[in-house]
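Chains, contacts and geometry: an overview
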Number of protein chains: 2
Amino acid sequence: MIRKLQAEDRTQLINIINEIKIFSTEEKNIAVELIDEALLYQGEDNYNIFVIVDNEKIVGYHCIGKRSLTDGVYDLYWIVVKESEQGKQIGTKLLNHAEEFVRMNNGRWLLAETSSIESYDKTRNFYFRNNYSVVAQINDFYQLGNNLIVFGKYIKI
Amino acid sequence: MIRKLQAEDRTQLINIINEIKIFSTEEKNIAVELIDEALLYQGEDNYNIFVIVDNEKIVGYHCIGKRSLTDGVYDLYWIVVKESEQGKQIGTKLLNHAEEFVRMNNGRWLLAETSSIESYDKTRNFYFRNNYSVVAQINDFYQLGNNLIVFGKYIKI
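Below or above, wherever it landed, is the structure these notes cover. (Residues numbered from 1 in each chain as written. Chains lettered and ligands numbered in written order. Predicted model: local features only at pLDDT ≥ 70, side-chain atom pairs only at ≥ 80, totals over all residues.)

Brief notes about the overall build of chain A
- Check the secondary structure of chain A and you find 4 helices and 7 strands.
- When the helices and strands of chain A are placed in sequence order, the string is β-α-α-β-β-β-α-β-α-β-β.
- Scaling as 2.2 N^0.38, a compact globule of 157 residues should have a C-alpha radius of gyration of about 15 Å, and chain A matches this with 15 Å.
- For chain A, the C-alpha atoms occupy an extent of roughly 40 × 35 × 30 Å along the three principal directions.
- Looking at chain A residue by residue over its 157 residues, the buried ones come to 35%.
- Long-range pairs, those at least 24 residues apart, make up 54% of the contacts in chain A between residues at least 6 apart in sequence. (Helix = DSSP H or I, 4+ residues; strand = E, 2+ residues; numbered from the N terminus. Rg over C-alpha atoms; globule rule 2.2 N^0.38 Å. Buried ≥ 20, exposed ≤ 12 C-beta atoms within 10 Å, placed from the backbone. Contact = placed C-beta atoms within 7 Å.)

Pasting the structure below:
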């Protein structure tokens, strides 16, 4: 079951974030900031968080928002699956839900920024498998030798 | 003379923004929002505004900030020259200053997002002339038929 974030989910989400092995401390901090922003500005367009629940426990979430100045471009800021629940197609369910969210809002693009480093191999393969294309690449982005790879999918209605 | 934004500059900047012919209402609103954010969070990294002054009047400004999660990527959010002062190399001075700002902060990249539509022809030519490359292009971005063009320059130390 996928539903909107509620205030009482915060602790579970923070635990999920803190367990993710590939996230740096800065990434963890920003992920938590976005949860707080989403709770603070509920109903606004910027940050929408949806959690996926299995057996009354949250096993993952995604955070999606419309890019300002555009009339139909959505950024998938985070898509996170609990470390112990990976490999069970939960990410695919969340991604499909994010695409459906774009469709429901008459959007066209879903974009996801990721990194070229080895710890993100699985993430990149996940987007390729789900028919995303590389729409931008910038070398030495996050750090020297850590490039930006932006995946995008043109969402058909 | 190029200097940091001060609170008393706000009215002049808003007048400059409102006069710019190619800005949409939404672009104007966001430009003004960033001025208020820059004044509110002075000293922080996100939005730094510098104004260029000629004869005690502000004739343009740029707004630059570090991209979160990166250790050296800067976005040039706005570079604006007063409508009546265009064609006098003020934009080039502001751009050089922005590049110098990146260098001073040990940054590597300066990125500027712009649009494919005709009203931005001059802007795109401005970046090409100043040795920027297209680092990303996404069709149907701002609107259908209005594409994103991201210019970037790798800043040498």
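Remarks on the pairing of strand β3 (residues 57-66) of chain B
Residue and element names in this part refer to chain B.
- Direction of pairing for strand β2 (residues 48-54) relative to β3: antiparallel, over a ladder of 7 bridges. Bridge pairing in β3 links V53 to I58.
- Here β2 folds back onto β3, and the loop between the two strands holds 2 residues, one of which, N55, carries a positive phi near 55 degrees.
- Pairing of β3 with strand β4 (residues 73-81) involves 7 bridges; the strand directions are antiparallel. The residue of β4 that forms the bridge with H62 is I79. (Pairing = 2+ DSSP bridges.)

Here's the deal with the nonpolar core
- Ranked by size, the top nonpolar core spans 84 residues in total, and within it L76 of chain A together with L76 of chain B carry the most contacts.
- Excluding its chain neighbours within four sequence positions, the residues that come into contact with L76 of chain A are H62, I64, A98, L110, L111 and A112 of chain A. (Core = buried A, V, L, I, M, F, W, Y, C linked by C-beta atoms within 7 Å.)

With respect to the relation of the copies chain A and chain B
- Its rotation angle being 180 degrees, the transformation that places chain A on chain B also includes 0.0 Å of axial translation and leaves an RMSD of 0.0 Å. With respect to symmetry, the two chain copies, as superposed, fit the operation of a two-fold axis. Closest to the rotation axis within chain A is the C-alpha of A136 of chain A, separated from it by 2.4 Å.
- A symmetric contact is evident, with 100% of the interface residues of chain A recurring at the interface of chain B. (Least-squares fit on C-alpha atoms with pLDDT ≥ 70 in both.)

Regarding helix α3 (residues 90-104) of chain B
All names here are of chain B.
- With 15 residues, α3 should cover 21 Å at 1.5 Å per step; its first-to-last C-alpha distance of 21 Å lies within 8% of that length.
- Turning to α3, its buried residues are I90, G91, L94, L95, A98, E99 and V102.
- Considering only its buried residues, α3 is in contact with β2, β3, β4, β5 (109-115), α4 (121-129) and β7 (146-154).
- Two residues or fewer past α3, N106 is found with a positive phi of approximately 60 degrees. (Expected span 1.5 Å × (residues − 1).)

Brief notes about the interface of chain A and chain B
- Taken residue by residue, the interface counts 19 residues in chain A and 19 residues in chain B.
- Of all the elements in the fold, those that place two or more residues in the side of chain A that touches chain B are α2 (25-40), β6 (133-143) and β7 (146-154) of chain A.
- At 7 residues, the largest contribution of residues to the side of chain A that touches chain B is made by β6 of chain A.
- A per-class count over the side of chain A that touches chain B returns 10 nonpolar, 4 polar and 5 charged. (Nonpolar A, V, L, I, M, F, W, Y, C, P; charged D, E, K, R; others polar.)

Quick word on the environment of N55 of chain B
Residue and element names in this part refer to chain B.
- Along the chain, N55 turns up in the loop between β2 and β3.
- What makes N55 exposed here is the crowd of 5 C-beta atoms within 10 Å.
- On a C-alpha basis, the gap between N55 and M1 in space is 9.5 Å, while along the polypeptide they are 54 residues apart.

A closer look at helix α1 (residues 10-19) of chain A
Residue and element names in this part refer to chain A.
- Buried within α1 are the following residues: L13, I16 and I17. Buried residues of α1 fall within an arc of 100 degrees about the axis and therefore sit on the same side. Projecting away from the buried face of α1 at angles above 90 degrees are the exposed residues T11 and N15.
- Buried residues along α1 sit against α2, β3 (57-66) and β4 (73-81). (Arc of directions from axis to C-beta.)

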